[in-house]
Amino acid sequence: MAVMYKSLSLFHAKPYLRKVALLQAAIASTRVFSDAQGPAGTPPPRLNKPDIRSIPRPKDPIKLATPPGGEQFIKYSPEFLAQGYDKHEIYVHPGFITDEEHDLLAKNCEKKLRRLASTYAMGHFDKRIHNYRECSVGAWLPNMRSVAGRVAQETGRAVDPDPVDLPDRRPSSGSSSSSSRSGGWTTVGRDDGEIRAVLDRVWSLFPSSLAWLPPHILDLHQDGEILPHVDNPEYSGFVVGGLTLLGPAVSTFKHVDDPHVRVDVLLEPRSLYFMTDRIRYQFTHEITVGAGQRVWQGVPVPRARRISLMFRDAKQPEKGWSSLAVQ
């Protein structure tokens, strides 16, 4: 998964962030704990899952609770409930954004995809996703919420909270925005300031100690699917989630060792979801074209194109964010 990072534009002016930029450039995939298909006539290898001790742990507790009315979009199997898993590891907030915000995001996601990923790919190197397009948007991530921002905060360095010269912001004298204007920064869309305000409501659900990777756009064709896979804890942090745009989908989570331990989630347009902890790293997750998987309360969920605007926090180094600073 190719990922583009806004912070790369900063380390030319701020050498201490060079190591941060290199770290971010290395974070290129989150689906590598998938099982590739085996040779013809043989079953695929067993899905891998990280040991519970290797699951990333946040510095500050994450307290997400599905709002009233959201539980009707989550279905827990009896086996899931019997084994005492925490329901809060799946968060669903239907109608998190308004119709107008949905249309704003969908329009701008389409623009980014048209420029950065113009055609649908039939397969991914990990063989887990088909008929999709994807790209990341560094301009939508405020620097204060990025890895570069966290490093600067922990090392006592000043960071411009808006280093990108957004159209709705007048750069202050001597700010990095002024320098980027003179340097010819031209890739920022006119709606990016408004989009940041919408996305900031997502990041505000979490402790400020988290650092975030740039928002990622995943466009799944109506005939596309995401096959069961487990995320790799080496390439991102504690949480992953997304805003659903355009079409609905059913996402299914199954424990790697017992597929009867499962959770099904109906993701409707404008909804926000997140998965954390064991649900993320001990369960597979999938969105398939199979008729049996695309059913909710006995009613078929129509196949439709779906865009997920995804959010992932970065994995914090064992020695803290300050360890990434170049002295």
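Residues numbered from 1 in each chain as written. Predicted model: local features only at pLDDT ≥ 70, side-chain atom pairs only at ≥ 80, totals over all residues. Heavy atoms only, no water.

## Notes on the overall build of the protein
For the record, the criterion: Secondary structure elements are defined from DSSP: runs of H or I of at least 4 residues count as helices, runs of E of at least 2 residues count as strands, and each element is numbered from the N terminus. Think of it in three bands: residues with accessible area under 20% of the maximum for their type are buried, residues over 50% are exposed, and the middle band is partly exposed, with areas taken using a 1.4 Å probe on protein chains only. What makes two residues a contact is simply this: any of their non-hydrogen atoms within 4.5 Å. All accessible-area figures derive from a Shrake-Rupley calculation using a 1.4 Å probe, and residue coverage is judged against the displayed protein chains alone.
The secondary structure content of the protein amounts to seven helices and twelve strands. Split into buried and exposed, the 327 residues of the protein put 54% on the buried side. If you take every contact in the protein between residues at least 6 apart in sequence, the share linking residues at least 24 apart comes to 78%. Carbon and sulfur atoms form 54% of the exposed surface of the protein, whose accessible area is close to 14,600 Å².

## Describing the pattern of salt bridges
Quick note on the threshold: Salt bridge criterion: a side-chain nitrogen from Lys or Arg within 4 Å of a carboxyl oxygen from Asp or Glu.
In the structure shown here, the tally under the stated rule is twelve salt bridges. Here Asp 191 and Lys 107 are joined by a salt bridge, their closest N and O atoms 3.3 Å apart. With Asp 191 in the loop between helix 5 (176-182) and helix 6 (192-203) and Lys 107 in helix 3 (residues 99-116), the pair connects residues that are 84 residues apart, well separated along the chain. Overall, the relative accessible area of 10% leaves Asp 191 in the buried class.

## Observations concerning unusual backbone geometry
At Asp 277, a position not held by glycine, the phi torsion is positive, near 55 degrees. Mapping Asp 277 onto the fold places it in helix 7 (residues 277-281). Given the relative accessible area of 14%, Asp 277 is considered buried.

## Let's talk about the nonpolar core
What counts here: To qualify as a nonpolar core, a set must consist of buried Ala, Val, Leu, Ile, Met, Phe, Trp, Tyr and Cys residues joined through side-chain atoms within 4.5 Å.
Ranked by internal contacts, the top residues of the largest apolar core, which has 33 residues, are Leu 243, Phe 274 and Phe 311. At the level of elements, helix 3, helix 6, strand 5 (239-245), strand 8 (272-276) and strand 12 (306-312) are the ones that each hand at least two residues to this core. The element best represented in this core is helix 6, accounting for five residues. Among the nonpolar cores identified, the runner-up in size contains 29 residues, and Tyr 76, Ile 129, Leu 266 and Leu 267 belong to it.

## Notes on the packing of aromatic side chains
The following threshold applies: Between the rings of Phe, Tyr and Trp (Trp by its six-membered ring), a pair exists once the centres lie within 6.5 Å; its type follows the angle of the planes, with under 30 degrees stacked, over 60 edge-to-face, and the other angles tilted.
Counted by the stated rule, this structure contains eight aromatic pairs. Measuring from ring centre to ring centre gives 5.2 Å for Phe 80 and Tyr 85, while their planes differ by 20 degrees; the resulting arrangement is stacked. Between Phe 80 and Phe 283, the aromatic rings sit 6.2 Å apart at their centres with planes inclined by 70 degrees, giving edge-to-face as the arrangement. Here Phe 80, found in helix 2 (residues 78-82), pairs with Phe 283, found in strand 9 (residues 283-287); they are 203 residues apart in sequence, far enough to count as distant. Per residue, the accessibility class of Phe 80 equals that of Phe 283, and both read buried.

## Some thoughts on helix 4 (residues 147-154)
Note the threshold: For the purposes of these results, a polar contact is taken to be a pair of N or O atoms within 3.5 Å, where, inside protein, one atom must be able to donate a hydrogen and its partner to accept one; residues adjacent in sequence count only when each atom of the pair is a side-chain atom.
For helix 4, the tally of buried residues reaches six of eight residues, placing the bulk of the element in the interior. Residues Val 147, Ala 148, Gly 149, Arg 150, Val 151 and Ala 152 constitute the buried set of helix 4. For helix 4, the side-chain oxygen to backbone nitrogen distance between the N-cap and Ala 148 is 3.4 Å, and the N-cap itself is Ser 146. At the C-terminal side of helix 4, Gly 156 shows a positive phi close to 75 degrees.

## Topic: the environment of Thr 119
Mapping Thr 119 onto the fold places it in the loop between helix 3 and strand 3 (129-136). Between the C-alpha atom of Thr 119 and that of Glu 134, which follows or precedes it by 15 residues, the distance is 9.7 Å.

## Some details on the side chain of Asn 108
For Asn 108, the position within the fold is in helix 3. Under the relative-accessibility criterion, Asn 108 is labelled buried at 5%. Of the polar contacts made by the side chain of Asn 108, one reaches the side chain of Asp 191; its length is 3.2 Å. Excluding residues that lie within four positions of it along the chain, Asn 108 makes contacts with Trp 140, Asp 191 and Ile 195.

## Some thoughts on helix 3
Quick reminder of the rule: One fewer than the residue count of a helix, multiplied by 1.5 Å, yields its expected span.
With 18 residues, helix 3 extends 25 Å from end C-alpha to end C-alpha; this agrees with the ideal 26 Å at 1.5 Å per step. Taken together, the buried positions of helix 3 are occupied by Glu 101, His 102, Leu 104, Leu 105, Ala 106, Asn 108, Cys 109, Lys 112 and Leu 113.

## Here's the deal with the packing of helix 3 against helix 6
Relative placement of two packed helices is described by the angle separating their axes and the distance separating the axes. Condition: Only the stretch in contact is used when a helix axis is fitted, and all axes are lines through C-alpha atoms; the angle between N-to-C directions ranges over 0 to 180 degrees. Left-handed describes a crossing in which the near helix is turned anticlockwise from the far one by less than a right angle; the clockwise case is right-handed. Each residue is assigned to one class: nonpolar for Ala, Val, Leu, Ile, Met, Phe, Trp, Tyr, Cys and Pro, charged for Asp, Glu, Lys and Arg, and polar for all the others, Gly among them.
Viewed as axis vectors pointing N to C, helix 3 and helix 6 meet at an angle of 120 degrees, and their least axial separation amounts to 11 Å. The element helix 3 and its partner helix 6 pack so that their crossing is left-handed. For the pair formed by helix 3 and helix 6, the contact residues are Glu 101, Leu 104, Leu 105, Asn 108 and Lys 112 on the first element and Asp 192, Glu 194, Ile 195, Val 198, Leu 199 and Arg 201 on the second. Each residue belonging to the contact of helix 3 with helix 6 can be placed in one class, and the counts come to five nonpolar, one polar and five charged.

## Brief notes about the environment of Trp 140
The topology assignment puts Trp 140 in the loop between strand 3 and helix 4. In this structure the C-alpha to C-alpha distance between Trp 140 and Pro 215, which are 75 residues apart in sequence, comes to 6.8 Å.

## Here's the deal with the environment of Leu 220
Note on placement: Leu 220 falls in strand 4 (residues 216-229). By relative accessible area, Leu 220 is classed as buried at 5%. Through-space distance from the C-alpha of Leu 220 to that of Tyr 132 is 4.6 Å; in sequence the pair is 88 residues apart. Setting aside its immediate chain neighbours within four residues, Leu 220 contacts Tyr 120, Ile 129, His 130, Asn 131, Tyr 132, Glu 225, Ile 226, Ile 287, Ala 304, Arg 305 and Arg 306.

## Describing the confidence of the model for the protein
As a reminder, the rule being used: pLDDT is defined as a per-residue confidence score from the predictor, taking values between 0 and 100.
Per-residue confidence for the protein gives a mean pLDDT of 78; residues scoring 70 or more make up 71%. Contacts of residues 1-46 to residues separated by more than four positions or lying in other chains number 117 contacts, the stretch itself having pLDDT below 50. The model gives residues 170-187 a pLDDT under 50, and that stretch makes 23 contacts with residues more than four places away or in other chains.

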